[in-house]
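# Inside the fold
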Amino acid sequence: MDDLPELVSLGRRIMIMGPSNSGKSTLAVALGRKLDATVIHMDRLRHLPNTNWEVRPDADFAALHDEAILQPDWIIEGNYSALTPQRFHRATGVLVITDGLVARYWRYFMRTIFQRQRAGGLDGGQDYVNWTMLSWLWKTRSSVGKYQDAARASGLPHLFVSNRRELDRLYRAWGLTLPLA
């Protein structure tokens, strides 16, 4: 991440991809505020509100996703690879962010234990530490390469952010501010 592109080069429909607990939701809120764009958290489309991440039926999830990407501008954070082709088709830019596994575990514990309201959290805030997510973090520890490959293959302007130091640099360069809890 030697030369940061101007934020404007990513356009008005930006996908943010990366592993769980890498900072996608927080970055999406900051970008949405800076660009005055709609922020869409894929987890909120995929999971039912007022639950501890109960999955919405696939057809309902796909319909919500496809409706969301028709908006004129958006910042969408999350992966869900089954739906990325249509997201890439509408996107104007891609950010792929990650951080080390230990940092992502730490973020998971901090947000789950101490943050009832957080960027990207489900309405109703029933987020509890659970083995499913702990296992998921381990299972997806090296998934960032597939997101980077997809961003490159899309032909869209893209940027890869590999750690907290680079993410902090991005916030400063683009004049982004962290959302309040």
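These numbers come from a predicted model, not from an experiment.

## What about the overall build of the chain?
Scanning the chain for helices and strands turns up eight helices and five strands. Judged by the C-alpha coordinates and their principal axes, the chain covers about 40 × 35 × 30 Å. The 181 residues of the chain split such that 47% are buried. Taking all contacts inside the chain whose residues are at least 6 apart in sequence as the whole, residues at least 24 apart take part in 72%. About 9400 Å² of surface is accessible on the chain, with carbon and sulfur atoms providing 56% of the total. Looking at charge distribution, the chain has the averaged site of its 23 positive side-chain charges lying 4 Å from that of its 18 negative ones.

## Things to note about the pattern of salt bridges
A complete count under the given rule lists four salt bridges for this structure. R12 is paired through a salt bridge with D73; the nearest N and O atoms lie 2.7 Å apart. Here the residue R12 occupies a position in the segment before β1 (13-17), and D73 occupies one in the loop between α3 (58-68) and β3 (74-77), the gap between them amounting to 61 residues. The exposure class assigned to R12 is partly exposed, which follows from its relative accessible area of 35%.

## Examining the packing of helix α5 (residues 101-114) against helix α6 (residues 131-139)
Axis separation between α5 and α6 bottoms out at 10 Å; the angle between their running directions is 160°. What the angle tells us is that α5 and α6 run roughly antiparallel. Of the two elements, α5 crosses α6, and the hand of that crossing is right-handed. Of the residues in α6, those in contact with L101, R104, Y105, Y108, F109 and R111 of α5 are M133, L134, L137 and W138. Partitioned by chemical class, the residues of the contact of α5 with α6 number eight nonpolar, no polar and two charged.

## Digging into the pairing of strand β4 (residues 93-97)
Side chains on a regular strand alternate between the two faces of the sheet. Judged by how many residues are buried, β4 sits mostly within the fold: five of five residues are covered. Alternating positions in β4 separate into two faces, G93, L95 and I97 on one and V94 and V96 on the other, with burial throughout. Pairing between β1 and β4: four bridges, direction parallel. Paired with I16 across the two strands is L95, which belongs to β4.

## Some thoughts on helix α1 (residues 24-35)
Its twelve residues place the ends of α1 16 Å apart at the C-alpha level, agreeing with the 16 Å of an ideal helix rising 1.5 Å per residue. Within α1, burial applies to K24, S25, L27, A28, A30, L31, G32 and L35. Here the buried face of α1 lies against β1, β2 (38-41), β3, β4 and α8 (164-174). Of the residues trailing α1, D36 is marked for its positive phi of about 50°.

Criteria and thresholds
- Residues numbered from 1 in each chain as written.
- Predicted model: local features only at pLDDT ≥ 70, side-chain atom pairs only at ≥ 80, totals over all residues.
- Heavy atoms only, no water.
- Helix = DSSP H or I, 4+ residues; strand = E, 2+ residues; numbered from the N terminus.
- Buried < 20%, exposed > 50% of the residue type's maximum accessible area, 1.4 Å probe, protein only.
- Contact = heavy atoms within 4.5 Å.
- Areas by Shrake-Rupley, 256 points an atom, 1.4 Å probe, with all protein chains shown as cover.
- Lys, Arg positive; Asp, Glu negative; His and termini not counted.
- Charge placed at Lys NZ, Arg CZ, Asp CG, Glu CD.
- Salt bridge = Lys/Arg side-chain N within 4 Å of Asp/Glu carboxyl O.
- Axes fitted to C-alpha atoms, helices over the stretch in contact; angles between N-to-C directions.
- Parallel < 35°, antiparallel > 145°, perpendicular 65-115°, else oblique.
- Left-handed = near helix turned anticlockwise from the far one by under 90°.
- Nonpolar A, V, L, I, M, F, W, Y, C, P; charged D, E, K, R; others polar.
- Pairing = 2+ DSSP bridges.
- Expected span 1.5 Å × (residues − 1).

Everything listed here is a matter of coordinates, which is why it stays silent on function.
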